[in-house]
Every structure is written in C-alpha cells, then in structure tokens.
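Structure at a glance
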Amino acid sequence: MRTNEPEPIEVYLDELLLSLRVPPRQARRILAEAEAHLRDTAEALSSAGMGPLDAEREAVRRHGSVDEVASSCHAVHGHLPLQVAASAGQALLCLAALALVAIGVSGGVAALMNAAGGAHFVGALPATYSRSVCSSYLHLHPSATSCQQAAMLETAQDAVALRVLTGAVGIVILGAALAWRRQLRGRGVRIAGIDEAAAGVAAVGFGGAAVLLLGQAVDLAVQHGSGGVGWYLSGGVIALAAFVPSAVLAYRGLRPIVARGLRPSLAAPA
Amino acid sequence: MRPVQHLSGSLDLLLLSVIQRRPAHGYAVISALRDQSAGAFDLPEGTVYPALHKLEKQGFVASAWDTSAGRRRRVYSLTAHGQKALAAERDAWFRFNAGVHSVLGFSA
C-alpha cells in the first residue's frame, strides 16, 4: 500500500530543476539522465532487498546534493543569468553603435544640404558668440566678412565633419559588437526577446529623436526663416528613416511575446 | 611525446578508459568505475554526468539517446579524437606513475 510520503526521487528532481541555470535543452538532458540514473540505482538496490522508499533515498544520497550537481552543470554549460547579461550587453552595444552610425549618416545628409542649399541652410543657427569665440571663428575662416558669417561656415563644416567622424567610430564599435554577438551565438547563447527588446528601444529612441529634431527644424523655419534649418533637418530625416525599420522589427518581434505572456525564455541553441 | 590535448584531471582519463571498453550510459560507466577500482573511486554519481558532457563538448566522446531497455538513457562512445587523447594521456600517466614509484623507491 502506497504511503503519502513524497517520493524522494521526484522531490530531488524538482529541486534540481529549480536549481539549474542552464539553457533549456541542457536542462532537459540533465534531468532525463538524472532520473534514469536514480531509477536504475533504486531498482538495483530494491533487487538487492532494500525497501522501495529506502532504495530511492539511498539512490538520491549517492547521486550527490542538488547544489553539488547543479554547480558542476553550471561549470560545464554556463550560468544563465550571466548569459542574459552578456546578451543584453551585446545588444546595448549594438544599439549605441547604430545610433553613432546614424549620426554619421546625418553628417552625409548635411553635406548634401550644404552643397544644395549653401552653408546658410545648415550653419546659420540663431546664436550669439563671445568675442573670443568670434576671433577663433574668424581665424579659421579668414574670407568671412563678419563673426556671424564665420560662425555659419564653421557650424556648417562641423555638421559634416564631426558627425561623419562619430559615424566612423560607430562603425568600429558596431564591428566589435557584431563579433561579440557571433561569439555568443557560437557558444549557443541566444536569449529570446533580447533582440526584440533592443528593436523596441531603438524605435523609441529614434522616434523621439525624429520628433525632437524635426520639431526644432519646423520651429526654426517659422521663427527665423531657412537659416540653420538643415542642422536639425539632416538629423531628423535620418532619425525618422531609422525609426521605421526599428518599429517594424519591434512590432513583429514583441507581438508574439506579449501575446503569450511575459515569461522569460531562451531560444534553443543553434 | 606531447598529449594531443590535455585532459583536465584523472576523472576524464578514467571515464574515457571505461567508455573505450564499450559504449555505455552514465549508470553503467559509474558502476564500472566503482567495480573496476574496487570501490576506490566512489564520487557523487550526479557529478559524473557534467564531466561526460564536458568530454562531449571537447569532442572526445559522442552520445545519443537509447530507449531499447525501456528507459530513455544517453549512451556515450569514444570518438577517434578521444582515442588519440586517451592513448596520449595514458602514456603520460604511466610515465608519471613510474617516476613517482621510482622516487618513492629511493626514499624508502
């Protein structure tokens, strides 16, 4: 007659499942092998004359503590929280790099605007400058007839040069981020939801930047005419262009996750 | 003669040696280890499986599910890479053992 005492092997497996912090395929394998081993051991002990419950307890004792077994598994298969942190870190680095690359591309757009609309369209921001700043601008642009004109030329140049330089740094960082991503994927680290969340953050970031920059461009145009509008317009256009694919990726990626409920999960290793 | 790849610890050498005799699942490997060592190697049985998984990651063993005996078990077998590594590590172990013997012999 069965007692109501919980079966030692079932209790052990439950505790092992809760202790494991490894990818799901590895967790399933570890549990399957542990259960087969425990039941084989208990069967052998029962055949040798031990009672079924005592045989299970002895099988569990011989198997080792849950902490011991779980630690050994983590040493071989990796620790999930660390993997999540690494995946999130790599996604954030990709995001930051893409933002820098977007700034670089906006510098290219500013160069086109300089060529098409003149330095006035990009560089003529409504600002006042101190005497020392004025003399440095005039020193850089000796052909300028006034401080305002020298500042306009300098600003129009900076809109291109500094942004393109930023974009170049972004490309280098993006290369490093993608290499890190490849390394993580090669080790079977793929956390479902991270890429989709990153697309969501990108959509919010680029969307917010687009609203801000385009709003500033419109405000400037209304208040001061076309002078300096290109400074904000070049950034706003690129931010908007980056927002659209980010929003599409985020929507496609996050909709099924939200639909099935917010439950942390792992993608199966490749 | 340098080993093909260093095997971390004696446990790896023992596991490969047992599996070399014939492919086996974890329970059979652990039982063989205990029986052949006359009880000298009696470690927490659950920790042997991560060691087998590590050997598989390193390419020394391969494994596959087997359900022939009524229960789903993972059976491990030695790869060609594992054979080479085992042979090299066995040689290194015997040389080490002979060296220790020799030193202890002089000390006695």
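Analysis parameters
- Residues numbered from 1 in each chain as written.
- Chains lettered and ligands numbered in written order.
- Predicted model: local features only at pLDDT ≥ 70, side-chain atom pairs only at ≥ 80, totals over all residues.
- Heavy atoms only, no water.
- Helix = DSSP H or I, 4+ residues; strand = E, 2+ residues; numbered from the N terminus.
- Buried < 20%, exposed > 50% of the residue type's maximum accessible area, 1.4 Å probe, protein only.
- Contact = heavy atoms within 4.5 Å.
- Areas by Shrake-Rupley, 256 points an atom, 1.4 Å probe, with all protein chains shown as cover.
- Salt bridge = Lys/Arg side-chain N within 4 Å of Asp/Glu carboxyl O.
- Core = buried A, V, L, I, M, F, W, Y, C linked by side-chain atoms within 4.5 Å.
- Buried area = accessible area lost by both parts, 1.4 Å probe.
- Phe/Tyr/Trp six-rings, centres within 6.5 Å; stacked < 30°, edge-to-face > 60°.
- Lys NZ or Arg CZ within 6 Å of the ring centre and 35° of its normal.
- pLDDT = per-residue confidence, 0-100.
- Polar contact = N/O pair within 3.5 Å; in protein donor to acceptor, adjacent residues only side chain to side chain.
- Axes fitted to C-alpha atoms, helices over the stretch in contact; angles between N-to-C directions.
- Parallel < 35°, antiparallel > 145°, perpendicular 65-115°, else oblique.
- Pairing = 2+ DSSP bridges.

1. Comments concerning the overall build of chain B
- Counting its regular elements, chain B contains four helices and three strands.
- In chain B, the succession of helices and strands from N to C terminus is α-β-α-α-β-β-α.
- Across the 108 residues that make up chain B, the buried fraction comes to 37%.
- The contacts in chain B between residues at least 6 apart in sequence include a share of 52% that link residues at least 24 apart.
- Carbon and sulfur atoms provide 57% of the accessible area of chain B, an area that totals close to 6,100 Å².

2. Describing the pattern of salt bridges
- Per the counting criterion, the structure on display carries 13 salt bridges over all chains.
- For A:R181, the salt bridge is made with A:D195, and the minimal N-O distance between the two is 2.7 Å. On the criterion of sequence distance, the pair formed by A:R181 in helix α8 (residues 147-186) and A:D195 in helix α9 (residues 194-224) is long-range, its members being 14 residues apart.
- The partly exposed category is assigned to A:R181, whose relative accessible area is 22%.
- The exposure class of A:D195 is partly exposed, given its relative accessible area of 29%.
- Linking B:D12 and B:K54 is a salt bridge whose minimum nitrogen-to-oxygen distance equals 3.3 Å. One end of the pair, B:D12, is in helix α1 (residues 9-21); the other, B:K54, is in helix α3 (residues 48-57), and 42 residues separate them in sequence.
- Judged by relative accessible area, B:K54 falls into the partly exposed class, the value being 24%.
- One salt-bridge network, held together by shared partners, links A:D40, A:E43, B:R71 and B:R73.

3. Notes on the nonpolar core
- Counting residues in each nonpolar core, the largest one holds 22 residues, and the members touching the most others are B:L15, B:L16, B:I19, B:L52 and B:V61.
- Listing elements by their share of this core, those giving two or more residues are α1, α2 (26-36), α3, β3 (73-78) and α4 (80-107) of chain B.
- Grouped together as the second largest cluster of nonpolar side chains are 20 residues, A:L13, A:L20, A:V22 and A:C73 included.

4. So, the interface of chain B and chain A
- Facing the 23 residues of chain B at the interface are 20 residues of chain A.
- Both sides together, the interface formed by chain B and chain A hides about 1,800 Å², and carbon and sulfur atoms give 56% of it.
- There are four salt bridges connecting chain B and chain A.
- Here A:D40 makes a salt bridge to B:R71, at a shortest N to O gap of 2.7 Å.

5. Structural notes on the packing of aromatic side chains
- Under the defined criterion, the tally for this structure stands at two aromatic pairs over all chains.
- With a centroid separation of 5.5 Å and 80° between ring planes, the pair formed by A:Y129 and A:Y137 is classed as edge-to-face.
- Residue classification places A:Y129 among the partly exposed residues on the basis of a relative accessible area of 24%.
- Centroid distance B:W93 to B:F96: 5.8 Å. Interplanar angle 40°. Geometry classified as tilted. Of this pair, B:W93 and B:F96 are both found in helix α4, three residues apart, which corresponds to roughly one turn of the helix.
- Overall, the relative accessible area of 38% leaves B:W93 in the partly exposed class.
- You can call B:F96 exposed: its relative accessible area is 52%.
- The ring of A:W231 carries the charged tip of A:R163 above its face, separated from the ring centre by 4.8 Å.
- When the ring centre of B:W65 is taken as origin, the NZ or CZ atom of B:R72, which lies over that ring, is 3.9 Å away.

6. As for the confidence of the model for chain B
All names here are of chain B.
- Per-residue confidence for chain B gives a mean pLDDT of 85; residues scoring 70 or more make up 88%.
- Predicted confidence is poor over residues 1-7, with pLDDT under 50, and the contacts of this stretch with residues over four places away or in other chains come to 18 contacts.
- As a predicted assembly, this complex carries a pTM of 0.59 together with an ipTM value of 0.85.

7. Overview of α3(B)
Residue and element names in this part refer to chain B.
- Burial of α3 is extensive: seven of the ten residues sit out of reach of the surface.
- Within α3, the full set of buried residues consists of V48, Y49, P50, A51, L52, H53 and L55.
- Two residues or fewer past α3, G59 is found with a positive phi of approximately 90°.

8. With respect to the side chain of A:R29
- Within the secondary structure, A:R29 sits in helix α2 (residues 24-47).
- A residue is classified by how much of its surface remains accessible, and A:R29, at 17% relative accessible area, is buried.
- Side-chain polar atoms of A:R29 contact the side chain of B:E56, separated by 2.7 Å.

9. Description of the packing of α2(B) against α3(B)
All names here are of chain B.
- One can describe the packing of α2 onto α3 by two numbers: an axis separation of 10 Å at closest approach and a directional angle of 110°. Taken together, the axes of α2 and α3 are roughly perpendicular relative to one another. For the pair formed by α2 and α3, the contact residues are G26, Y27 and I30 on the first element and V48, Y49 and L52 on the second.

10. Points about the pairing of β3(B)
All names here are of chain B.
- Pairing of strand β1 (residues 24-25) with β3 involves two bridges; the strand directions are antiparallel. Opposite H25, over in β3, you have V75 as the bridge partner.
- For strand β2 (residues 61-66) and β3, the ladder comprises six bridges, and the chain directions are antiparallel. In the strand pairing of β3, A62 is matched with S77.

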